[in-house]
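Coordinate inspection notes
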Amino acid sequence: AVAMLGHTWLLLCLFAYTAAQFCNTVQDPIKRDEGAGPWNVSRVERGANGRNGKLVPIGANHPLPHAFYEGDSYVMQYSVRQGRKPDVIYFWQGSKSSRWEKGASAILTVDLDNKNGGVARQARVDMNQEPGHFLNIFKGTFVTLLGGVERAVVEQDKDGVMLFRVKSECNNAGNKKPLVRTNQVEEVKTNVNAEDVFILNTPKKLYMFVGKTASPEEKAGAVKVAKSLFPKKSAEVSEGAQPSKDFLSSLKQ
């Protein structure tokens, strides 16, 4: 019996350790701030000589609001209130951003901070490891897109069908509230599961699938994202073990 109790305790400890490995541990660069201050974002691009980097402000030509390409790197300045110099400068690096872009984002962040007197916190952010403060700036509507921009050539999804996965992550940092992230994924049936929430935009309709075991945070996050990305559409919602037939028929095998 003692041996069995010891074995059970070991399994419980192992489970707790494994679960903790999948929880966010990235701390916020500034404390006691809700992310409600002014901010601006620029994308990292190559300069005319092909070696030096430059920051190109994100404007109306960007395909979707609050969206970063996974193939790019970005620099975001944030101030806790209007009229202040940046309190934190985030340099976000997409999972498929080039080594050059990642390096340039760090260099440009340092340059930007120096020009503002060197008073900001500089925070590197890896895609899908965004801290709570970063996500709060976007009010829960931050998304990543497939593709990117390289030497002014834009690679993006243009077939009119876009699939987004909304997934929550337990959080061991800050206020400990779960963090919700939204990523565009390839619109294939194998990318859909019953654990998360999915948003599918097609030329004619907007669909939302709420998986059987999706969390309340994922459901609430998906509603915010859908309204932010596609404000003129109302989503047709299905719930359970699998999406509706119309949802599935819009996906590739």
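Provided above is the structure to which this section pertains.
None of these values were measured; they are calculated from a predicted model. (Residues numbered from 1 in each chain as written. Predicted model: local features only at pLDDT ≥ 70, side-chain atom pairs only at ≥ 80, totals over all residues. Heavy atoms only, no water.)

Positive phi outside glycine occurs at Arg 32, with the angle close to 55°. You can see Arg 32 is positioned in the loop between helix 1 (2-21) and strand 1 (39-46). With relative accessibility at 82%, the residue Arg 32 sits in the exposed group. (Helix = DSSP H or I, 4+ residues; strand = E, 2+ residues; numbered from the N terminus. Buried < 20%, exposed > 50% of the residue type's maximum accessible area, 1.4 Å probe, protein only.)

Turning our eyes to something else, we now look at the state of the cysteines. The final tally for this structure, using the stated rule, is 1 disulfide. Disulfide pairing places Cys 23 opposite Cys 170 at an S-S distance of 1.8 Å. Between Cys 23 and Cys 170 the sulfur-sulfur dihedral comes to about -100°; the bridge is accordingly left-handed. Taken together, the positions of Cys 23 in the loop between helix 1 and strand 1 and Cys 170 in the loop between strand 10 (162-169) and strand 11 (179-185) put the pair 147 residues apart, joining distant regions of the chain. (Disulfide = S-S within 2.5 Å.)

A word on the pairing of strand 6 (residues 121-126). Summarising the sheet, strand 5 (residues 88-93) and strand 6 pair through 6 bridges and their orientation is parallel. In the sheet register, Tyr 90 faces strand 6, and the bridge partner there is Ala 123. Tracing the backbone out of strand 5, into helix 2 (residues 99-115) and back to the parallel element strand 6 gives a crossover that is right-handed. (Pairing = 2+ DSSP bridges. Right-handed = clockwise from strand over helix to strand, strands pointing away.)

Moving on, we come to the layout of surface pockets. Which parts of space are left empty comes out when a probe the size of a water molecule is rolled across the atoms. Taken as a whole, the largest pocket holds about 570 Å³ of empty space. Together, 26 residues line the largest pocket, and Gly 132, Asn 136, Asn 175, Pro 178 and Leu 179 are the ones closest to its centre. Within the residue set of the lining of the largest pocket, elements represented by two or more residues are helix 3 (132-137), strand 11 and helix 4 (216-229). Broken down by class, the residue content of the lining of the largest pocket amounts to 8 nonpolar, 9 polar and 9 charged. (1 Å grid on protein atoms, 1.4 Å probe; cavity = no way out; pocket = protein on both sides within 12 Å on 5 of 7 lines; lining within 4 Å. Points joined across faces, edges and corners; volume = space filled by probe spheres on them. Nonpolar A, V, L, I, M, F, W, Y, C, P; charged D, E, K, R; others polar.)

So, on to the pattern of salt bridges. Counted according to the given criterion, the structure contains 8 salt bridges. Residues Asp 196 and Lys 167 are paired through a salt bridge, measuring 3.5 Å at the closest nitrogen-oxygen approach. Of this pair, Asp 196 sits in the loop between strand 11 and strand 12 (197-201) while Lys 167 sits in strand 10, and the two are 29 residues apart along the sequence. For Asp 196, a relative accessible area of 2% corresponds to the buried category. One salt-bridge network, held together by shared partners, links Glu 130, Glu 169 and Arg 181. (Salt bridge = Lys/Arg side-chain N within 4 Å of Asp/Glu carboxyl O.)

The biggest cluster of nonpolar side chains holds 38 residues, and the ones touching the most others in it are Phe 134 and Ile 199. Per element, the largest residue contribution to this core is 4 residues, and it comes from helix 4. The residues contacting Ile 199, other than those within four sequence positions of it, are Met 162, Leu 163, Phe 164, Val 166, Leu 206, Tyr 207, Ala 222, Val 225, Ala 226 and Phe 230. Of all hydrophobic cores here, the second largest spans 10 residues; its members include Leu 163, Leu 200, Tyr 207 and Phe 209. (Core = buried A, V, L, I, M, F, W, Y, C linked by side-chain atoms within 4.5 Å. Contact = heavy atoms within 4.5 Å.)

Quick look at the sheet that holds strand 1 now. Strand order in the open sheet formed by 5 strands is 2-1-4-5-6, with mixed pairing between adjacent strands. The strands lining the two open edges of the sheet, one partner per strand, are strand 2 (53-57) and strand 6. For this sheet the average axis-to-axis angle between neighbouring strands, irrespective of direction, equals 25°. As paired strands, strand 1 and strand 4 (residues 73-78) are joined by 5 bridges and run antiparallel to one another. (Axes fitted to C-alpha atoms, helices over the stretch in contact; angles between N-to-C directions.)

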